[in-house]
Amino acid sequence: GINAEYMGDIKLLRFLKMDGSNSLEEICFMAKACEEMERFEDMISYVQKLVDVEEELLRPTRILFATAYKHVTGNRRAEIRIMTALEQKEERKGNLVASGAIKKYRTQVEEELKTLCNAVIKSIDEAFLPRSKSVEAQVYFLKMKADYQRYLCEIAVDDEVTELVTRTGETYLQAEAAADKLPMTNITKLGLLLNLSLIHI
């Protein structure tokens, strides 16, 4: 069902219409319904409508946005790992036809992942960070931006790798600096520190 905290947050916007027919409550409900049905591509489209009208993203909307993109990108990252393993297996067997076919398919999925990651990063740079008034929101989005830059690093090749790794490290360090203003018990800060403990920057 709809998160009670979220319904309280949007109570004052109850009569605002976004496309002439759907209220914020309806859009929020459909976003949650898509999550339960695991239709994450559709969930993104509903969450985007919430994103477009909130001056500063409410915490529940941030969670919905992160959840939708986490699943669609997570699926593709898993697919790429499987295809890479299959490709290497067929190459070892000398089956160049099969390995070539898998490589072509992997490249297609990598392009899909790039598009999704770049969409998240663009939203953060152009909309979310400029509209974030609280330190916690700033840390949240800087961490998310760094995470999606890291996903791009996973599929980067040649000269792209060094540039993306550097950019990712810089964003994590920005998030860490901003997080200094948050208490150690803050869940957003703890999530950032966990990520930093698992990577080398």
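The coordinates are above.
Below you will find a few notes about this structure. Per chain, residues are indexed from 1 in the order of the written sequence. Local features are withheld for residues below a pLDDT of 70 in this predicted model, meaning they are given only at 70 or higher, and side-chain atom pairs are given and counted only at 80 or more; totals for whole chains, interfaces and linings count all residues. To obtain the side-chain values, all non-hydrogen atoms of the structure were used and water was disregarded.

### So, the overall build of the protein chain
So, point 1. Of regular secondary structure, the protein chain possesses eight helices and zero strands.
So, point 2. The secondary structure listing takes helices from DSSP runs of H or I that are at least 4 residues long and strands from runs of E that are at least 2 residues long, numbered from the N terminus. The order of α-helices and β-strands along the protein chain, N terminus first, is α-α-α-α-α-α-α-α.
So, point 3. The buried label goes to any residue with under 20% of its type's maximum accessible area, the exposed label to any with over 50%, and the partly exposed label to all in between, with areas taken from a 1.4 Å probe on protein chains only. When each of the 201 residues of the protein chain is scored for burial, the buried share is 41%.

### Structural notes on helix α2 (residues 24-37)
So, point 1. Multiplying one less than the number of residues by 1.5 Å gives the expected span of a helix. In this model α2 runs 20 Å from its N-terminal to its C-terminal C-alpha over 14 residues, within 8% of the 20 Å that 1.5 Å per residue would give.
So, point 2. When α2 is considered as a whole, its buried residues turn out to be Leu24, Glu25, Ile27, Cys28, Ala31, Ala33 and Cys34.
So, point 3. Looking one or two places after α2, you find Glu38, whose phi comes out positive at around 60 degrees.

### Here we look at the nonpolar core
So, point 1. Residues grouped as a nonpolar core are buried Ala, Val, Leu, Ile, Met, Phe, Trp, Tyr and Cys residues, joined through side-chain atoms within 4.5 Å. Among the nonpolar cores identified, the biggest contains 39 residues, and Phe65, Tyr69, Phe128, Met144 and Tyr148 are the most heavily contacted of them.
So, point 2. Looking at this core, the elements with two or more residues in it are α2, α3 (40-53), α4 (59-92), α5 (96-131) and α6 (135-155).
So, point 3. Broken down by element, the residue count for this core peaks at ten residues, all from α5.
So, point 4. The contact definition used throughout considers only heavy atoms, calling two residues in contact when any of these lie within 4.5 Å. Dropping the residues within four chain positions of it, Phe65 is found in contact with Val47, Gln48, Val51, Val120, Ser123, Phe128 and Met144.
So, point 5. Core analysis: the next-biggest nonpolar cluster, separate from the first, contains ten residues, Tyr172, Ala175, Ala179 and Leu192 among them.

### Thoughts on unusual backbone geometry
So, point 1. The backbone of Glu38 sits at a positive phi, close to 60 degrees, despite the residue not being glycine.
So, point 2. Relative to the elements of secondary structure, Glu38 occurs in the loop between α2 and α3.
So, point 3. Judged by relative accessible area, which is 61%, Glu38 ranks as exposed.

### Thoughts on helix α8 (residues 187-198)
So, point 1. A rise of 1.5 Å per residue sets the reference length of α8, with its twelve residues, at 16 Å; its end C-alpha atoms lie 17 Å apart and thus fit the reference within 8%.
So, point 2. Of all the positions in α8, only Thr188, Lys189, Leu192, Asn195 and Leu196 are classed as buried. Projection of α8 onto a plane perpendicular to its axis shows the buried side chains occupying an angular sector of 125 degrees, all on one side. Among the exposed residues of α8, those oriented more than 90 degrees off its buried face are Ile187, Leu194, Ser197 and Leu198.
So, point 3. Where α8 is buried, its residues contact α6 and α7 (159-179).
So, point 4. Counting of polar contacts relies on pairs of N or O atoms within 3.5 Å, with two restrictions inside protein: one atom must be capable of donating a hydrogen and the other of accepting it, and residues adjacent in sequence are counted only when both atoms are side-chain atoms. For α8, the side-chain oxygen to backbone nitrogen distance between the N-cap and Thr188 is 2.9 Å, and the N-cap itself is Asn186. This arc is taken over the directions from the axis of the helix to the C-beta atoms.

### Side note on a nonpolar patch on the surface
So, point 1. A grouping of Met184, Leu190 and Leu193 is seen on the molecular surface, where their side chains present a nonpolar patch of about 260 Å² in accessible area.
So, point 2. With respect to the helices and strands, Leu190 occurs in helix α8.
So, point 3. Since its relative accessible area comes to 41%, Leu190 is described here as partly exposed. Within this analysis, patches are made of residues with over 30% relative accessible area and no salt bridge. Like charges are joined at 9 Å or less; nonpolar side chains (Val, Leu, Ile, Met, Phe, Trp, Tyr) at 5 Å or less. Here, Shrake-Rupley sampling with a 1.4 Å probe gives the accessible areas, and only protein chains in the shown set may cover a residue. By definition here, a salt bridge exists when the distance from a side-chain nitrogen of Lys or Arg to a carboxyl oxygen of Asp or Glu is within 4 Å.

### A few points about the packing of aromatic side chains
Within a pair of aromatic rings, the relevant descriptors are the distance that separates the centres and the angle that separates the planes.
So, point 1. Between 30 and 60 degrees the pair is tilted, below 30 it is stacked and above 60 it is edge-to-face, where a pair is any two Phe, Tyr or Trp rings, Trp via its six-membered ring, whose centres lie within 6.5 Å. All told, the structure shown has five aromatic pairs when counted by the stated rule.
So, point 2. Seen in terms of ring centroids, Phe128 and Phe141 are 4.9 Å apart; in terms of plane orientation they differ by 35 degrees. Their pairing is tilted. One end of the pair, Phe128, is in helix α5; the other, Phe141, is in helix α6, with 13 residues separating them in the sequence.
So, point 3. The class of Phe141 is buried, set by a relative accessible area of 1%.
So, point 4. Taking 5.5 Å as the distance between ring centres and 85 degrees as the angle between the ring planes, the aromatic pair formed by Tyr140 and Phe141 counts as edge-to-face. Per residue, the accessibility class of Tyr140 equals that of Phe141, and both read buried.
So, point 5. Through a chain of ring-to-ring contacts, the aromatic side chains of Phe65, Tyr69, Phe128, Tyr140 and Phe141 assemble into a single cluster.

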